[in-house]
Structures are given as C-alpha cells and as structure tokens.
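Here are the chains, one letter per residue:
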Amino acid sequence: QVQLVESGGGLVQAGDSLRLSCAASGRNHRIYSMGWFRQAPGKAREFVAAINWGGGFTRYADAVKGRFTISRDNPKNTLYLEMNSLKPEDTAVYYCAADRGVGLRTEEYEYESWGQGTQVTVSS
C-alpha cells in the first residue's frame, strides 16, 4: 500500500477557489491510479475525480465537471485537485485514494489506500 496525506482544505466563500494536495509515499507510488472522493455530513462518500498513472486520462463526477481539475506531479509524489467556482454543496471532507494499476478507478471498492481526509467548507 501507499501512504496518503491530504492538505489544503479550509473555509471559503461561494465562488472562491481552493487547491487540495495529496502527498504519497511508499513503494512504487508512480504506478498508482489515484482519485478524489468526498463525504458530506449525513451522506455517503462519493466519487469526485480520477486520474490514471500517467496523468493522461481523467474522469469527473457530473457535479464538478468544468469546475474541478485533477492532476498529478509524479516526481513530487503529489496529487492535486484544483477547485474553482466553489458552491456550498461542495462542502465535505475530501479524501485522496490510490490503487495499484494503470486504469481509471471511479468506485470506492477499487481503491486500496486512503488518506485521512481534509475538510472543505463553502459558505454562501
């Protein structure tokens, strides 16, 4: 498994931007497919975005498409989520996830490693 630590969350106003980071450590992390999920209070954790091991393929949930951008910097062992035009409904704990393999992963059960999460709160 790979160890994941998220950062960059905070309290912002609607329309603002935030960039989340996820630092990965462990063996062979460069071959991991990675993704972001989020969990709002009282709701199940949901898929946000995914990126393949090479960074050339991405996928987004409809709710964030056009506003969020997932990217990775393999030499820095870091995954990012750039979030623009934030809305109150984006308020959630955001989790980074990683899985051994090269394809995109969009389901929770497909990921073997998870971070502890970072809180994002968007006020109206």
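Residues numbered from 1 in each chain as written. Predicted model: local features only at pLDDT ≥ 70, side-chain atom pairs only at ≥ 80, totals over all residues. Heavy atoms only, no water.

Engineer: Can you break down the sheet that holds strand 1 (residues 3-7) residue by residue, with the values?
Structural biologist: Taking strand neighbours across the sheet as the criterion, the four strands line up as 1-3-8-7 in an open arrangement whose pairing is antiparallel. Of all the strands in the sheet, the pair left with one neighbour each is strand 1 and strand 7 (68-73). In this sheet, adjacent strand axes meet at a mean angle of 15° when their direction is disregarded. Relative to strand 3 (residues 18-25), strand 1 runs antiparallel, the two sharing five bridges. Each bridged residue has a counterpart across the sheet, and for Glu6 the counterpart in strand 3 is Cys22. (Pairing = 2+ DSSP bridges. Helix = DSSP H or I, 4+ residues; strand = E, 2+ residues; numbered from the N terminus. Axes fitted to C-alpha atoms, helices over the stretch in contact; angles between N-to-C directions.)

Engineer: An account of the state of the cysteines is needed here, citing residue identities and associated values.
Structural biologist: For the structure on display, the rule yields one disulfide. Linked covalently through their sulfurs, Cys22 and Cys96 form a disulfide whose S-S length is 2.1 Å. Taking the torsion about the sulfur-sulfur bond, which here is approximately -75°, the covalent link between Cys22 and Cys96 counts as left-handed. Of the two residues, Cys22 sits in strand 3 while Cys96 sits in strand 9 (residues 92-100), which places them 74 residues apart along the sequence. As far as burial versus exposure is concerned, Cys22 and Cys96 are alike and both buried. (Disulfide = S-S within 2.5 Å. Buried < 20%, exposed > 50% of the residue type's maximum accessible area, 1.4 Å probe, protein only.)

Engineer: Please set out the pairing of strand 11 (residues 118-123) residue by residue, giving values where relevant.
Structural biologist: Here strand 11 shows a clear split, with Thr118, Val120 and Val122 buried on one side and none of Gln119, Thr121 and Ser123 buried on the other. The sheet contact formed by strand 2 (residues 10-13) and strand 11 spans four bridges and is parallel. Residue pairing for strand 11: Gln13 is matched across the bridge by Ser123. Here three bridges tie strand 9 to strand 11, and the two strands are oriented antiparallel to one another. Among the inter-strand pairings, Ala92 is bridged to a residue of strand 11, identified as Val120.

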